[in-house]
Every structure is written in structure tokens, then in C-alpha cells.
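Examination of the molecular architecture
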Amino acid sequence: MKLFTQTRYYQYFSPFICQIIPAHPARDFWTRILLAFLLSRSLESLIDLVEPVLGSPIDNTWQYYTYLGLETLRYGSWFWGIWYGLVQTIDFAFNPHPKSLFSAANSAFVLTWILVMGAIQFVNRTVEATYAEVITVSLLIAFMVSVIIPTCFGPRRSFSQGESVD
């Protein structure tokens with residue numbers, strides 16, 4: 001997997017963000033944080049544009065399953081944005097070794113997992129049982145795709161410096 005800083009999105013938009021942020025030691029940190037936030041927000045805005053086209057979905061129709069897929073994508077966007085922001089913040093503040101048990105990616109994984117478990121508890125308490133199961137599965141799939149895969153299979157690099165430690 002590529003680092004976020006090696007994607008075309010980052011390479012295209014980072015010069016614009018760097019023009020906004022004054023030159024100081026945390027400029028790269030804030031550029032990565034802002035671009036990750038903008039990416040997750042723009043994905044959510046696209047989902048908000050598509051959902052009204054579906055109308056009000058009825059169970060077991062293609063609109064219903066499309067709606068579930070879009071909601072899973074929205075949750076994944078939230079979780080990735082939170083996870084990536086935590087990774088950047090932990091790495092910038094504490095600079096742990098990338099291969100240690102308390103690396104930035106692992107610590108952010110645990111904090112995001114706590115958030116997901118809280119969201120699942122909230123859903124189970126407030127939503128009726130048939131929809132709570134669907135939302136719980138959607139949250140878990142989104143978490144697996146957006147946080148577990150980058151944590152487990154992402155490059156073992158120091159996120160702030162970009163050097164490989166393998």
C-alpha cells in the first residue's frame with residue numbers, strides 16, 4: 001500500500017495547502033491532517049449528493065442495498081479520517097518507533113476501535129433490533145476496510161519522516 005503522501009491526491013493538492021499554511025516546523029503535519037480531512041469530507045459530500053437519487057429505499061430492493069453500501073462507505077471515510085488524524089498526531093507528538101507495540105498506527109487503531117465499540121453500543125441501545133444488526137455489520141465492515149487493513153498491511157514507516165524501517 002502507498003503512503004497517503006505518495007498518492008496523486010496528496011501530490012496534487014498539497015502545494016495549495018502549503019501556500020495557505022505559513023512556514024513552520026509543523027507545516028507538513030498540518031498539510032497531511034487538512035488533506036485527509038478534506039478527502040473524507042469530499043467523499044461524504046459525494047455520498048450526500050447520490051443518496052437523494054435513491055429515494056426512500058424499501059427493504060430488499062437494489063436501492064436499499066445501494067444505500068447500505070453508501071452508508072458503509074461513509075462510515076469507512078469517518079473511521080479512516082479519525083484513524084489517520086490520530087496516527088499523525090501520535091507520531092508528531094510522541095514519535096514512537098514504527099515497529100514497537102505502541103507505534104502510532106497501533107495506538108490509533110486501539111483508539112478508533114474504542115470509538116467503534118461505543119458507536120455499536122449506541123446503535124444497539126437506540127435503534128430497533130432489525131436495523132441495529134445491519135448498522136452494526138456495516139460499521140464493522142467499514143472499520144475492517146478503512147482501519148484494520150491499513151494498520152496491518154500498510155508500509156512500516158515513520159509517518160512523519162517517511163523513512164522505511166524494514
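To keep things clear, this report deals only with the structure shown in the data block. Just so it is clear, the model here is predicted, and its values are computed rather than measured. (Residues numbered from 1 in each chain as written. Predicted model: local features only at pLDDT ≥ 70, side-chain atom pairs only at ≥ 80, totals over all residues. Heavy atoms only, no water.)

Topic: the overall build of the chain
How we decide: Where helices and strands are cited, they refer to DSSP runs of H or I of at least four residues and of E of at least two residues respectively, numbered from the N terminus. It only takes one pair of heavy atoms within 4.5 Å for two residues to be counted as in contact. Only the protein chains shown count as cover for residues, and all accessible areas are computed by the Shrake-Rupley method using a 1.4 Å probe.
Helix and strand counts for the chain stand at 5 helices and 0 strands. Reading the chain from its N end, one meets helices and strands in the order α-α-α-α-α. For the chain, the spread of C-alpha atoms along the three principal axes comes to 50 × 35 × 25 Å. Here the analysis covers contacts within the chain between residues at least 6 apart in sequence; of these, 61% occur between residues at least 24 apart. For the chain, the computed accessible surface area is about 10,100 Å², with 67% contributed by carbon and sulfur atoms.

Regarding the packing of helix H2 (residues 27–54) against helix H3 (residues 62–94)
Our working rule: Note on method: axes are straight lines fitted to C-alpha atoms, helices fitted across the in-contact stretch only, with angles between N-to-C directions ranging 0 to 180 degrees. Roughly parallel refers to an angle under 35 degrees, roughly antiparallel to one over 145, roughly perpendicular to one between 65 and 115, and oblique to any angle outside these ranges. Gly is put with the polar residues, along with every residue not named as nonpolar or charged; the nonpolar set is Ala, Val, Leu, Ile, Met, Phe, Trp, Tyr, Cys and Pro, and the charged set is Asp, Glu, Lys and Arg.
For the pair H2 and H3, the least separation of the axes is 10 Å and the interaxial angle reads 170°. Considering their axes alone, H2 and H3 lie roughly antiparallel with respect to each other. Along the lines of polarity and charge, the residues of the contact of H2 with H3 split into 16 nonpolar, 7 polar and 6 charged.

Some words on unusual backbone geometry
A positive phi angle, close to 50°, is found at Asn95, a residue other than glycine. By secondary structure assignment, the location of Asn95 is in the loop between H3 and helix H4 (104–126).

Looking at the nonpolar core
The following threshold applies: Buried residues of nine kinds, namely Ala, Val, Leu, Ile, Met, Phe, Trp, Tyr and Cys, make up a nonpolar core once their side-chain atoms join them within 4.5 Å. Residue burial is assigned from relative accessible area. The probe radius is 1.4 Å, only protein chains are included, and a residue is buried under 20% of its type maximum, exposed over 50%, and partly exposed in between.
The biggest cluster of nonpolar side chains holds 24 residues, and the ones touching the most others in it are Phe4, Phe79, Trp80, Trp83, Tyr84, Val87 and Leu139. The element that contributes the greatest number of residues to this core is H3, accounting for 7 residues. Among residues more than four places away in sequence, those in contact with Phe79 are Thr112, Leu115, Val116, Leu139, Ala142, Phe143, Ser146 and Val147.

Re the packing of helix H1 (residues 8–20) against H2
A pair of packed helices can be characterised by two numbers: the angle between their axes and the separation between those axes. Selection rule: In this scheme, a crossing is called left-handed if the near helix is turned counterclockwise away from the far one by less than a right angle; it is called right-handed if the turn is clockwise.
Closest axis-to-axis distance for the H1/H2 pair is 10 Å, and the angle between their directions is 120°. It follows that H1 is oblique to H2 by the angle criterion. Crossing of H1 over H2 shows right-handed handedness. Contacts between H1 and H2 involve Tyr9, Tyr10, Phe13, Ser14, Ile17, Cys18 and Gln19 from the former and Arg27, Thr31, Arg32, Leu34, Leu35, Leu38 and Leu39 from the latter. Among the residues forming the contact of H1 with H2, the class breakdown is 9 nonpolar, 3 polar and 2 charged.

Some words on a nonpolar patch on the surface
For clarity, the cut-off: Here the term patch refers to residues with relative accessible area over 30% and no salt bridge, with like charges joined within 9 Å and nonpolar side chains (Val, Leu, Ile, Met, Phe, Trp, Tyr) within 5 Å. Salt bridge, as applied in this entry: a Lys or Arg side-chain nitrogen positioned within 4 Å of an Asp or Glu carboxyl oxygen.
Taken together, the side chains of Val137, Ile141, Met144, Val145, Ile149 and Phe153 define a hydrophobic patch exposed on the protein surface, amounting to about 550 Å² of accessible area. Inspection of the secondary structure assignment puts Phe153 in helix H5 (residues 129–153). By relative accessible area, Phe153 is classed as exposed at 62%.

Section: the pattern of salt bridges
Enumeration over the complete set of coordinates arrives at 5 salt bridges. When the shortest N-O distance is used, the salt bridge between Arg74 and Asp48 registers 2.9 Å. Highlighted residues: Arg74 in helix H3 and Asp48 in helix H2, separated in sequence by 26 residues. Residue classification places Asp48 among the partly exposed residues on the basis of a relative accessible area of 37%.

Some details on the side chain of Glu71
Checked against the element boundaries, Glu71 lands in helix H3. We classify Glu71 as buried; its relative accessible area is 11%.

Re the packing of aromatic side chains
Note the threshold: Between 30 and 60 degrees the pair is tilted, below 30 it is stacked and above 60 it is edge-to-face, where a pair is any two Phe, Tyr or Trp rings, Trp via its six-membered ring, whose centres lie within 6.5 Å.
Enumeration according to the criterion identifies 16 aromatic pairs in this entry. Where Phe4 meets Tyr9, the ring centres are 6.1 Å apart and the plane angle is 45°; that geometry is what we call tilted. The class of Phe4 is buried, set by a relative accessible area of 9%. Centroid distance Tyr12 to Phe16: 5.9 Å. Interplanar angle 70°. Geometry classified as edge-to-face. In this pair, Tyr12 and Phe16 both sit in helix H1, 4 residues apart, roughly one turn of the helix. What makes Tyr12 exposed here is its relative accessible area of 53%. Its relative accessible area of 45% is what places Phe16 among the partly exposed residues. Site record: aromatic cluster; members linked through ring pairs are Phe4, Tyr9, Tyr10, Tyr12, Phe13, Phe16, Trp80 and Tyr84.

Bear in mind that shape data such as this cannot, by itself, settle questions of function.
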